[in-house]
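In case you want the letters, here they are:
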Amino acid sequence: MIEIRNITKVFGAGEHAVTALQEINVNIAENEFFTLLGPSGCGKTTLLRLIAGFEHPSTGSMLLAGEDISLLPPNKRPVNTVFQNYALFPHMTVAGNIAFGLEMLGRPKAEVAETVDRMLRLVRMEELKNRQTSEISGGQQQRVALARALAPQPKVLLLDEPLSALDLKLRKEMQIELKRLQSETGITFVFVTHDQEEALTMSDRIAVMNAGRIHQIGSPRQIYDHPENRFVANFIGDSNFLNAKLGNIKDDQAELEFAAGRKVTVPLHRADLSDGEVSVLIRPEHVSIAEPTGNSHELTGVIENIVYFGTDTHYHLKLASGEAFMARLQNNPSEAEKRAAGDKVAVLMDAKAIQILRD
Amino acid sequence: MADFSLFSRRFDVKRVPGFASVALGVFVMLYMPVILLVVYSFNKGTNLAFWEGFSLRWYVQAYHNEAVQEAAFRSLYLALIAATLATTAATMAALATTRTKKFRGQMLIYTLINQPLMVPEIVTAVALLIFFAMIKVATGHTGMIYLIVAHTAFCIPFAYLPIRARLESMDLTLETAAADLYASPWMTFRRVTLPLMWPGIVAGLMLAFVVSLDDVVITEFVKSAGQETLPTFMLGQLRRVVTPEVNAISTVLMAVSVIFVAMFFVLTGRKN
Amino acid sequence: MTVQADPVTVDKAVEIERDARRRDVRMRWLLSAPALTIITLFAAGPLLIVLVYSFLTPGNYGNVKWIFSIDAWTNVVVQRDIFDNTLQWADAHLSIFWRSLKLSIVTTILTAIFGIPTAYFIATRSAKTRNLWLFLITIPFWTNLLVRTIAVQELIRTEGVINNVLRMLHIIDTPIQMMFTDFAIGFGMTYVYLPLMVLPVYASIEKLDFRLVEAGYDLYASRWTCFRRIILPLVKPGMIAGSILVFVPSLGAYVTPRVLGGGKNLMFGNLIELQFGQGRNWPLGAALSISLMVLVMVALIYYTRISSGGDKQNG
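Residues numbered from 1 in each chain as written. Chains lettered and ligands numbered in written order. Predicted model: local features only at pLDDT ≥ 70, side-chain atom pairs only at ≥ 80, totals over all residues. Heavy atoms only, no water.

Caption draft 1: Fine view of the overall build of chain C. Along its length, chain C carries 14 helices and four strands. In terms of C-alpha radius of gyration, chain C reaches 27 Å, well past the compact-globule figure of 20 Å for 315 residues. Dimensions of chain C along its principal axes, counting C-alpha atoms only, are 105 × 70 × 35 Å. The proportion of buried residues among the 315 residues of chain C is 50%. The contacts of chain C with a sequence gap of at least 6 include a subset with a gap of at least 24, amounting to 63%. Mean positive and mean negative side-chain charge positions of chain C (28 and 20 charges, respectively) differ by 3 Å. (Helix = DSSP H or I, 4+ residues; strand = E, 2+ residues; numbered from the N terminus. Rg over C-alpha atoms; globule rule 2.2 N^0.38 Å. Buried < 20%, exposed > 50% of the residue type's maximum accessible area, 1.4 Å probe, protein only. Contact = heavy atoms within 4.5 Å. Lys, Arg positive; Asp, Glu negative; His and termini not counted. Charge placed at Lys NZ, Arg CZ, Asp CG, Glu CD.)

What follows is the structure, given as structure tokens:
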């Protein structure tokens, strides 16, 4: 549906030039819920604005359904946006807002009226049709913004952090609502967020961005379980990073020796690895701790701090190598706390829990 | 925070002793002369000092005074034309100078538009007197055009300020949203920008109208013979015997100002 | 996905953007053109003609003769004795300058003394009533200056309200002469320019964070110390703005001194007018106008200097 080829976006010129996007390549499929995830200033909103046509690329091209749209103005693109602050027209009613795009496209009056009613039903706002936009709640404004952007039946719907202004409960509701709307309308959604949980729960695929580059594109599961680098691992979920030495690569297996002592054989997910120093990722919830057995191959450490979280408990350890390590263990009502700060413990984990990073 | 009464003795960080009394005194002092002026405009007697009973005779007299009628009519149509021209020019200038990256010459435009506010009115009046005297000698034409252009010029900054303030408080994404919804630049302006900036334009128009209606100094210097406006007519009257007729005209002028200020407050106070 | 798009080059993109920007700026100048033209022709431009006229010779019946002369400028401060042809200080002018300066300063101080507490009072009202008080101070601001001056005249005339009341109460037998004095002008200007002091001071007090005052009390300051040491320094920018807004029009005042000062107690503005009326000395009037404008410019520049200096302290 959308093909983004080698797009770079530079703001300003000369010494004040700022590169907002660098060599972006993405293909977004038809009917996909695609999320751009990253910290603020990573370029995700710029990329969205490029797709909408509010900005034009410095280099590269953008194809929509096979047609180059790089230089088309926003009012000529079959793409609509749900803005972060909704940007509802304050001098029009709810219905007036939804009808706006259709009127601009010159659709006949009867069709406009019919579509507005259908959209109001779609977002469940029938009874607020003639209200002023200032008289409705934030959640309702959100729905009107969605209806307004969906009414002209765009090929792609762009959503710029649309849920960030809502409170937690409403946000959860709208997440489900958005998924429903997407499957009912069959429109491609491109969703921008900095909230990793939102991205993981809603998306078909996620592009993780930082500093103007895309670091990884993949399904939520791929991104979480097999992050390609330290940034992606760090941005999504909690992470332990340990230094290790990789050796004896054979087919899809290799031997890994931790700086903290232990040696294990691990499965390899990637082919671009070679012998030498590497960083590995271990998710805190993928390990458990036990009494040390005295085995020299064990990963051991001292508990520095125990933090109770209700559902689980975090154990902050200092490993024998001096590296910090965090283990997250689910709490069990039948089990009383048996460890205290200062205890020496061993870290247990499955070899599959170890993920070798590219940097 | 609890509302506290004017002279509450409870501790309040905001209270400074004596300030409330001074302020109330100021308000009394500010309104007493004006109220007296209004009251005496309804006085039956000729004497300005003693109350001799309610009467509308000074209003009737002013109304039938041909000089007053003529001056009032001239004031009104001068203010109407000047305010309309000034507001049109100011609206265009406000659109040009707001909501943009700084561009070369922007400061020059600001300074020039606000220039009439920076120079004492008497100096501008003298300058126009000299300038128009040259033109009048050269062309022999002595019409209302001189007053109209002079009023338009000094009304522009007054019309410009509320329009610019309105534009700057407007959300730029609204126009982006319109473009996203297939509106051409012209349709975006007609359907979104213009309706949203409308209260600012009306406020600017009213301000310019009041300023033109109230002007004394520039009008006094620019007018040709027989081009009295209400304020210059009154100023001329003051040289002679003061009658309550002047009070009556003042009261009407004041009422117009109050109505306009009230409307201005309503228009600019309401946020979106 | 069959159409092969031409890759956009950096140069082309930069060029497109620069073109768009250039077109945008040209459009903005075009839109500003009517306002700029009107103001240049009918407000700013004629000031240059005034400058030219100040170097010409007065005509016999007003207007000028096109003969270069600096007499107008020397006449601003000195005059030639008609009998022995010596130069003397133009006492009449100097006393008028002095009156203008004195009355403008007095007016500024008086409006500050009455205006600051009033602004403070309005700013500390609850949100609901505040707008009403603000409205009450704005009405006089937009009411015809001449009308307000007439109202003051009614009050202080020989047969005016004050004298009548005092006589009815048998406090005085003969009316007090208040009209046509410096007092009348000072009183009148304080009255008409007071809102110009209140509004900017109000704007800065309204922004004041009263937790700072609470902190002052917490640190053992008395009410007055709090006002002097905490509130006053923080609202100083508003006070400076208010002072300039009062001082500048006071210096160039024309209507109020004309009505309340009569023919003898002239101020700068009236002196200028005189040269275009009975005086028939346009070049002198022009020179005086330029002098007044320069004085006002100096005041404005001084104001921007100290107000930007204040910003540096705060920021």
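Caption draft 2: Structural detail: helix α10 (residues 230–239) of chain B. Counting buried residues in α10(B) gives eight out of ten residues, a clear majority hidden from the surface. For α10(B), every residue scored as buried is listed here: Leu230(B), Pro231(B), Thr232(B), Phe233(B), Met234(B), Leu235(B), Gln237(B) and Leu238(B).

Caption draft 3: Representation of the interface of chain B and chain A in the model. Every contact between the two is made by 18 residues of chain B and, on the other side, 25 residues of chain A. Each partner contributes to the roughly 1,900 Å² buried at the junction of chain B and chain A, and carbon and sulfur atoms together form 66% of this total. Considering only the surface of chain B that becomes buried against chain A, Asp180(B), Leu181(B) and Tyr182(B) emerge as the three largest contributors, covering 42% of it. Linking chain B to chain A there are one salt bridge. (Buried area = accessible area lost by both parts, 1.4 Å probe. Salt bridge = Lys/Arg side-chain N within 4 Å of Asp/Glu carboxyl O.)

Caption draft 4: Geometry of the pattern of salt bridges. For the structure shown, the criterion picks out 32 salt bridges over all chains. A salt bridge links Glu168(B) to Arg164(B), with the shortest nitrogen-to-oxygen separation between them at 3.5 Å. Here the residue Glu168(B) and the residue Arg164(B) both occupy positions in helix α6 (residues 145–169), the gap between them amounting to four residues, near one helical turn. For Glu168(B), a relative accessible area of 45% puts it in the partly exposed group. We classify Arg164(B) as partly exposed; its relative accessible area is 21%. The salt bridge involving Arg258(C) is made with Glu220(B); its shortest N-O contact spans 3.6 Å. One end of the pair, Arg258(C), is in helix α12 (residues 255–261); the other, Glu220(B), is in helix α9 (residues 217–222), on a second chain. Look at Glu220(B) and you get buried, because its relative accessible area is 19%. What emerges from the salt-bridge pattern is a single network uniting Arg124(A), Arg143(A), Glu177(A), Arg180(A) and Glu184(A).

Caption draft 5: Looking closely at the sheet that holds strand β4 (residues 59–64) of chain A. All names here are of chain A. As summarised here, the arrangement of the four strands in space is β2-β1-β4-β5, forming an open sheet in which the pairing is antiparallel. Both outer strands of the open sheet, β2 (18–28) and β5 (67–68), are each paired with one neighbouring strand and no more. Relative to β4, strand β1 (residues 2–11) is paired through five bridges, and the arrangement is antiparallel. Considered in β4, the bridge of isoleucine 2 is made with leucine 64. Where helix α1 (residues 44–52) meets the sheet, its contacts fall on β1, β2 and β4, and the angle it forms with β1 comes to roughly 115°. (Pairing = 2+ DSSP bridges. Axes fitted to C-alpha atoms, helices over the stretch in contact; angles between N-to-C directions.)

Caption draft 6: Representation of the sheet that holds strand β11 (residues 240–250) of chain A within the structure. Residues and elements named next belong to chain A. The antiparallel open sheet is built from five strands, whose spatial order is β13-β12-β11-β14-β20. Looking at the sheet topology across the chains shown, the edges are occupied by β13 (263–267) and β20 (354–356). On average, adjacent strands in this sheet sit at an angle of 45° to one another, irrespective of strand direction. Relative to β13, strand β12 (residues 253–258) runs antiparallel, the two being bridged by five bridges. Looking at the pairing, glutamate 257 lines up with lysine 263 of β13.

Caption draft 7: Structural context of the packing of helix α1 (residues 19–41) of chain B against helix α5 (residues 127–142) of chain C. Across the interface, α1(B) lies against α5(C) with an axial gap of 11 Å and an inter-helix angle of 40°. As α1(B) packs across α5(C), the resulting crossing turns out to be left-handed. On the side of α1(B), the interface is formed by Leu24(B), Phe27(B), Leu30(B) and Tyr31(B), while α5(C) contributes Trp133(C), Leu136(C), Ile137(C), Ile139(C) and Pro140(C). Here the contact of α1(B) with α5(C) is built from residues that sort into nine nonpolar, no polar and no charged. (Left-handed = near helix turned anticlockwise from the far one by under 90°. Nonpolar A, V, L, I, M, F, W, Y, C, P; charged D, E, K, R; others polar.)

Caption draft 8: View of the packing of aromatic side chains. Inspection of every chain in the model, using the stated rule, returns 32 aromatic pairs over all chains. Aromatic side chains Phe19(B) and Tyr120(C) sit 5.4 Å apart centroid to centroid with 85° between the ring planes, which places their arrangement in the edge-to-face category. Residue Phe19(B) is located in helix α1, and its partner Tyr120(C) is located in helix α4 (residues 91–123); the two belong to separate chains. Look at Phe19(B) and you get buried, because its relative accessible area is 9%. By relative accessible area, which is 2% here, Tyr120(C) ends up buried. (Phe/Tyr/Trp six-rings, centres within 6.5 Å; stacked < 30°, edge-to-face > 60°.)

Caption draft 9: Region of interest: the interface of chain B and chain C. Chain B puts 94 residues into the contact, and the matching count from chain C is 81 residues. Summing both partners gives a buried area of about 8,000 Å² for chain B against chain C, and 78% of it is carried by carbon and sulfur. Counting across the interface, chain B meets chain C through one salt bridge. Here chain B is connected to chain C by ten residue pairs in polar contact (both at pLDDT 80 or more). Examining the composition of the side of chain B that touches chain C, we find that 16 residues originate from one element, α1(B), more than from any other. Across the side of chain B that touches chain C, the residue classes tally to 73 nonpolar, ten polar and eleven charged. (Polar contact = N/O pair within 3.5 Å; in protein donor to acceptor, adjacent residues only side chain to side chain.)

Caption draft 10: Representation of a nonpolar patch on the surface. All names here are of chain B. Side chains of Ile35, Val39, Trp51, Phe54, Leu56 and Val60 sit close together on the surface and give an oily, nonpolar patch of about 580 Å² of accessible area. With respect to the element layout, phenylalanine 54 can be found in the loop between α1 and α2 (57–64). Classification of phenylalanine 54 as exposed rests on a relative accessible area of 57%. (Patch = residues over 30% accessible without salt bridge, like charges linked within 9 Å, V, L, I, M, F, W, Y side chains within 5 Å. Areas by Shrake-Rupley, 256 points an atom, 1.4 Å probe, with all protein chains shown as cover.)

Caption draft 11: Just empty space enclosed by the protein, in detail. Taken as a whole and assessed by the stated rule, the structure comprises five cavities of 30 Å³ or more. In this structure, the largest cavity occupies an estimated 50 Å³ of space. Forming the boundary of the largest cavity are Pro267(A), Leu268(A), His269(A), Arg270(A), Leu273(A), Ile354(A), Gln355(A) and Ile356(A). Considering each element in turn, the lining of the largest cavity owes the most residues, three residues, to β20(A). Considered class by class, the residues forming the lining of the largest cavity number five nonpolar, two polar and one charged. If you add up the space inside the second largest cavity, you get close to 40 Å³. What lines the second largest cavity is simply Met206(B), Leu207(B), Val210(B), Phe260(B), Val261(B), Phe264(B) and Trp142(C). Breaking the lining of the second largest cavity down by element, the ones donating at least two residues are α8 (185–214) and α11 (244–269) of chain B. (1 Å grid on protein atoms, 1.4 Å probe; cavity = no way out; pocket = protein on both sides within 12 Å on 5 of 7 lines; lining within 4 Å. Points joined across faces, edges and corners; volume = space filled by probe spheres on them.)

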